[in-house]
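What follows is the residue order along each chain.
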Amino acid sequence: MSSRYRILLPVLSLAVLLAAVFYLQPRAMSYFGLNLLFNLAIPIALATIAQMMVIMVNDIDLSIGTFVSFVACVTATFLNEAPLLGAAILLASILAYAAIGALIHLRQLPAIVVTLGMSFVWGGLAVLLLPSPGGTSPAWIRAVMTVKPPLVPMAVVACLLIAGLTHLLIMRSATGTLLRAVGGNAQAVARSGWSVTGLKAGAYALAGFFGVLSGICLVGLTTSADANIALRYTLLSIAGVILGGGEFTGGRVSPVGAVIGALTLALAGSFLSFMRLSPDWQIGAQGAILILVLAVRLLFSRHGKKWRVANNG
Amino acid sequence: MNSKAKLLGAAALVALALPGSAIADTADKRIALSNNYAGNSWRQAMLESWSKVGGKAVADGVAAAADAFTTSENQATEQAAQIQNMILQGYDAIVVNAASPTALNGAIKEACDAGITVVSFDGIVTEPCAWRIAVDFKEMGRQQVEYLASRLPDGGNLLEIRGLAGVFVDDEIHAGIEQGVKEFPKFKIVGSVHGDWAQDVAQKAVAGILPSLPDLAGVVTQGGDGYGAAQAIKAAGRETPIIVMGNRQDEMKWWASARDENGYETLSLSIAPGVGTLAFWVAQQILDGAEVPKDLTVPFLKVTQDTLDETLASTPVGSVANVEYSLEDAKAVIAGAK
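Note that this is a predicted model, so its numbers are computed, not measured.

A. Quick peek at the overall build of chain B. Each helix and strand counted, chain B has 12 helices and 12 strands in total. Over its C-alpha atoms, taken along the principal directions, chain B stretches across nearly 75 × 60 × 35 Å. For chain B, the proportion of its 338 residues judged to be buried stands at 50%. Partitioning the contacts of chain B with sequence separation of at least 6, the portion at a separation of at least 24 is 73%.

B. Fine view of the domain arrangement of chain B. On domain assignment, one finds that chain B holds domain 1 (2-129 + 272-299 + 325-337) and domain 2 (137-270). Between domain 1 of chain B and domain 2 of chain B, the C-alpha centre-to-centre distance is 34 Å.

C. Representation of the interface of chain A and chain B within the structure. Taken together, the contact between chain A and chain B spans 28 residues of the former and 29 residues of the latter. Secondary-structure elements contributing two or more residues to the side of chain A that touches chain B are helix 2 (31-38), helix 12 (196-222), helix 14 (255-274) and helix 15 (279-312) of chain A. With five residues, helix 14 of chain A is the single largest residue contributor to the side of chain A that touches chain B. Class assignment for the residues of the side of chain A that touches chain B results in 14 nonpolar, 11 polar and three charged.

D. Quick peek at the confidence of the model for chain B. Residues and elements named next belong to chain B. Confidence along chain B averages 88 in pLDDT terms, with 92% of residues attaining 70 or more. Of all the helices and strands in chain B, helix 1 (residues 2-24) carries the lowest mean pLDDT, 49, while strand 8 (residues 218-220) carries the highest, 96. Low pLDDT, under 50, characterises residues 11-23; the stretch is placed with two contacts to residues that sit more than four places away or in other chains. Here the prediction assigns the complex a pTM of 0.82, and the interface score ipTM is 0.85.

E. Just unusual backbone geometry, in detail. The backbone phi angle of Asn-58 of chain A is positive, close to 70 degrees, even though this residue is not glycine. Judged by local crowding, Asn-58 of chain A falls into the partly exposed class, with 18 C-beta atoms found within 10 Å. For Trp-197 of chain B, which is not a glycine, the phi torsion comes out positive at approximately 60 degrees. Since 23 C-beta atoms lie within 10 Å of it, Trp-197 of chain B is described here as buried.

F. Broad picture of the nonpolar core. Ranked by internal contacts, the top residues of the largest apolar core, which has 197 residues, are Ala-45, Ala-203 and Leu-263 of chain A together with Ile-94, Val-95, Val-119 and Val-282 of chain B. In terms of residue count, the dominant contributor to this core is helix 12 of chain A (16 residues). Each of domain 1 (2-129 + 272-299 + 325-337) and domain 2 (137-270) of chain B accounts for three or more of the residues forming this core. When sequence neighbours within four positions are dropped, the list of residues in contact with Val-95 of chain B reads Ile-31, Leu-33, Val-119, Phe-121, Gly-276, Ala-279, Phe-280 and Ala-283 of chain B.

G. Representation of the sheet that holds strand 5 (residues 131-135) of chain B in the model. All names here are of chain B. Read across the sheet, six strands follow the order 2-1-3-4-5-11 without closing on themselves; strand pairing throughout is parallel. If you trace the sheet from one side to the other, it starts and ends with strand 2 (65-70) and strand 11 (295-298), each paired once. Averaged over all neighbouring strand pairs, the angle between strand axes comes to 20 degrees, with direction disregarded. Here strand 1 (residues 30-35) pairs with strand 3 (residues 93-97) via five bridges, running parallel. By the bridge assignment, Ser-34 is partnered in strand 3 with Val-96.

H. Main features of the packing of helix 8 (residues 226-235) of chain B against helix 9 (residues 249-262) of chain B. Residue and element names in this part refer to chain B. Running from amino to carboxyl end, helix 8 crosses helix 9 at an angle of 45 degrees, the nearest separation of the two axes being 8 Å. Judged on the interaxial angle alone, helix 9 and helix 8 are oblique. Residues Gly-226, Tyr-227 and Ala-230 of helix 8 pack against Asp-250, Glu-251 and Trp-254 of helix 9. Residue composition of the contact of helix 8 with helix 9, by class: three nonpolar, one polar and two charged.

I. Structural detail: the pairing of strand 4 (residues 117-121) of chain B. All names here are of chain B. With respect to burial, strand 4 is a largely interior element, five of its five residues being buried. Along strand 4, one buried face is formed by Thr-117, Val-119 and Phe-121 and the opposite face, lined by Val-118 and Ser-120, is buried too. By the bridge criterion, four bridges tie strand 3 to strand 4 in an arrangement that is parallel. When the bridges of strand 4 are listed, Ala-93 appears paired with Thr-117. Once the chain exits strand 3 it traverses helix 4 (residues 105-113) before rejoining the sheet at strand 4, and the crossover so formed is right-handed. Where strand 4 and strand 5 come together, three bridges link them in parallel fashion. The residue of strand 5 that forms the bridge with Phe-121 is Ile-133.

J. Spatial organisation of helix 7 (residues 199-209) of chain B. Within the span of helix 7 of chain B, buried status applies to Gln-199, Ala-202, Gln-203, Ala-205 and Val-206 of chain B. Check the buried side of helix 7 of chain B and you find it contacts strand 6 (156-162), strand 7 (187-194), helix 8 and helix 9 of chain B.

K. Quick look at the packing of helix 2 of chain A against helix 9 (residues 154-172) of chain A. All names here are of chain A. Two elements in contact, helix 2 and helix 9, have axes whose closest approach is 7 Å; the angle formed by their N-to-C orientations is 55 degrees. With respect to each other, helix 2 and helix 9 are oriented oblique. Every residue of helix 9 that contacts helix 2 at Leu-34, Asn-35 and Phe-38 is listed here: Met-154, Ala-155, Val-156 and Cys-159. Here the residues of the contact of helix 2 with helix 9 sort into six nonpolar, one polar and no charged.

L. Highlighting the sheet that holds strand 7 of chain B. All names here are of chain B. Within the open sheet, the four strands sit side by side as 7-6-8-9. Their pairing is parallel. Because the sheet does not close on itself, it has two edges, and the strands there are strand 7 and strand 9 (242-243). By the bridge criterion, seven bridges tie strand 6 to strand 7 in an arrangement that is parallel. Bridge pairing links Leu-158 to Ile-189 in strand 7. Sheet contacts for helix 7: strand 6 and strand 7; angle to strand 7, the most-contacted strand, approximately 125 degrees.

M. Up close: the environment of Val-127 of chain A. All names here are of chain A. Note that Val-127 resides in helix 7 (residues 111-129). Val-127 sits in the partly exposed class, given 17 other C-beta atoms within 10 Å. When the C-alpha atoms of Val-127 and Phe-70 are compared, they prove to be 8.2 Å apart, with 57 residues separating the residues in sequence.

N. Highlighting the pairing of strand 11 of chain B. All names here are of chain B. Burial along strand 11 is one-sided: Leu-296 and Val-298 are buried, and none of Asp-295 and Thr-297, which face the opposite way, are. Of the strand pairs in this sheet, strand 5 and strand 11 are connected by four bridges, and their pairing is parallel. Across the sheet, the residue bridging to Val-135 is Val-298, located in strand 11.

O. Spotlight on the environment of Asp-136 of chain B. Among the secondary structure elements, Asp-136 of chain B is positioned in the loop between strand 5 and helix 5 (137-151). In sequence terms Asp-136 of chain B and Gly-123 of chain B are 13 residues apart; their C-alpha atoms lie 12 Å from each other.

P. Here's a closer look at the environment of Ile-31 of chain B. Residue and element names in this part refer to chain B. Structurally, the position occupied by Ile-31 is in strand 1. Given 29 C-beta atoms within 10 Å, Ile-31 falls into the buried group. In this structure the C-alpha to C-alpha distance between Ile-31 and Ser-326, which are 295 residues apart in sequence, comes to 16 Å. Excluding residues within four positions of it along the chain, Ile-31 makes contact with Ala-63, Ala-65, Ala-66, Tyr-91, Asp-92, Ala-93, Val-95, Phe-280, Ala-283 and Gln-284.

Criteria and thresholds
Residues numbered from 1 in each chain as written. Chains lettered and ligands numbered in written order. Predicted model: local features only at pLDDT ≥ 70, side-chain atom pairs only at ≥ 80, totals over all residues. Helix = DSSP H or I, 4+ residues; strand = E, 2+ residues; numbered from the N terminus. Buried ≥ 20, exposed ≤ 12 C-beta atoms within 10 Å, placed from the backbone. Contact = placed C-beta atoms within 7 Å. Domains from an automatic or database assignment. Nonpolar A, V, L, I, M, F, W, Y, C, P; charged D, E, K, R; others polar. pLDDT = per-residue confidence, 0-100. Core = buried A, V, L, I, M, F, W, Y, C linked by C-beta atoms within 7 Å. Pairing = 2+ DSSP bridges. Axes fitted to C-alpha atoms, helices over the stretch in contact; angles between N-to-C directions. Parallel < 35°, antiparallel > 145°, perpendicular 65-115°, else oblique. Right-handed = clockwise from strand over helix to strand, strands pointing away.

What follows is the structure, encoded as structure tokens:
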């Protein structure tokens, strides 16, 4: 029962916000408007999926924001000038993510500390690559991010694709089930003969992969990079996962919900800006929206539990 | 004769009506300010100037709206989203103080493609379709040394107080100072500290380096650090050298009291936060159809011995000397760049 609510609530909150935005700004209700409203949410959605991979195995990644910034810097410099070398660096950074996942499990280190440390490493590398803002987006990435498909804007198509593919990968495939099982009960997974280290490394590698995609998309939208470009993504991605119905423990995540959560967060910013709310209140108001949604979820899940208990009894 | 007079009269009428019609052209245009940060006295003064000048322009019927927006966090991604929202809100011109010179280019390109005029100032952007009102920070550094050379023909030792490390403005002013020292080789920079444009940081940094320095003839600064330097030098019991100031109220107050005490003379220069209003008028001129070059330079605001009392009196406590630009100033800057 509660798993059905899990996806219902994010969908509902997104719909309510979208209706409010359309009411405030009817111009947004068009092909062009929807694209403007949502195109910057694509990298946030990808970063949220990356965060979800880590949260899925009961860890948390505090380095995703700086990692995406680092990837953005690599994309705007190496991937543009020497595509092979750039691709190799990005591949190496995904392997580094996998290694971090394995290390965290093998040495039983707290992920929060290791990833916080890594955030300084990625941030430092980004500053080394681009001491001052600059670089250029490779033309093909720019072309992909500004493509105008018929009928439905690129931003919406991209979000549907991300949600659909990750849903298949995490919720439908055997590997996805195993990965979620690591978060649910790692000991049981280990006793049935699977290597938890390998699985955790896999989950982190997936996080690195989606982080790389996020950085590439971001540069495609902004056309160039800045070492601090995506620092906000760390907290946005965590909020997106939770808003989308995920939980910090137990391997309970929802890829579709995570994408919707990211969209909701991006939309909340636009909504507050259309409301002409003073910036001093905006962060607080964004937080209030978050707390409101979570409070509603808590109410629902309590209700669901009672209902189930009553049924069983 | 009579008909000639009539003709002249008609010509005069047309001439009178022309500026009026020029104003009417932008009466239905809406201009927005996209700002990335409001957390210091400079930005607060900038927003205040904007609402004052913009509000008056709207009341006078020069523009339909002059709304200011500040992002809740100082992040390029936030500001890019903010600019995209402005496109949706249907503004005719967007005036930007950018969080990053490059990371907003995608959003700014979107705005240009939607037919919106984009004018960046202070924090300028590199996207070619936008206008840039830049500050010649290098010249600001060079002029400090030039002023010192006019006061001290024999030269001497200089202490340099720099800004926040790694920020573009700090590098530019520093380069200007180096250029000035090359131009006037009698000066020698004997020490350099980072004051982060804050009086307390500058005071600590200067106090730390002072014991290792020889006699100082002058202190070159970046603004926001002159008062702290003066306090540190006084605490060390040294004679006060010529400290170039940066238009902050506390700096000018200290300068005025030192002048009353012992005839202390110096120069103060910085960028007026009212530069936002210059950008407003430039945007208005572009909307009006004027030919405006893409790159403009703002004059910086200098406070001299003669204008000290006047400027100090008009600067609120804890703020920075300001000047609001008018349509005529904007026209002069545009004409100067052609």
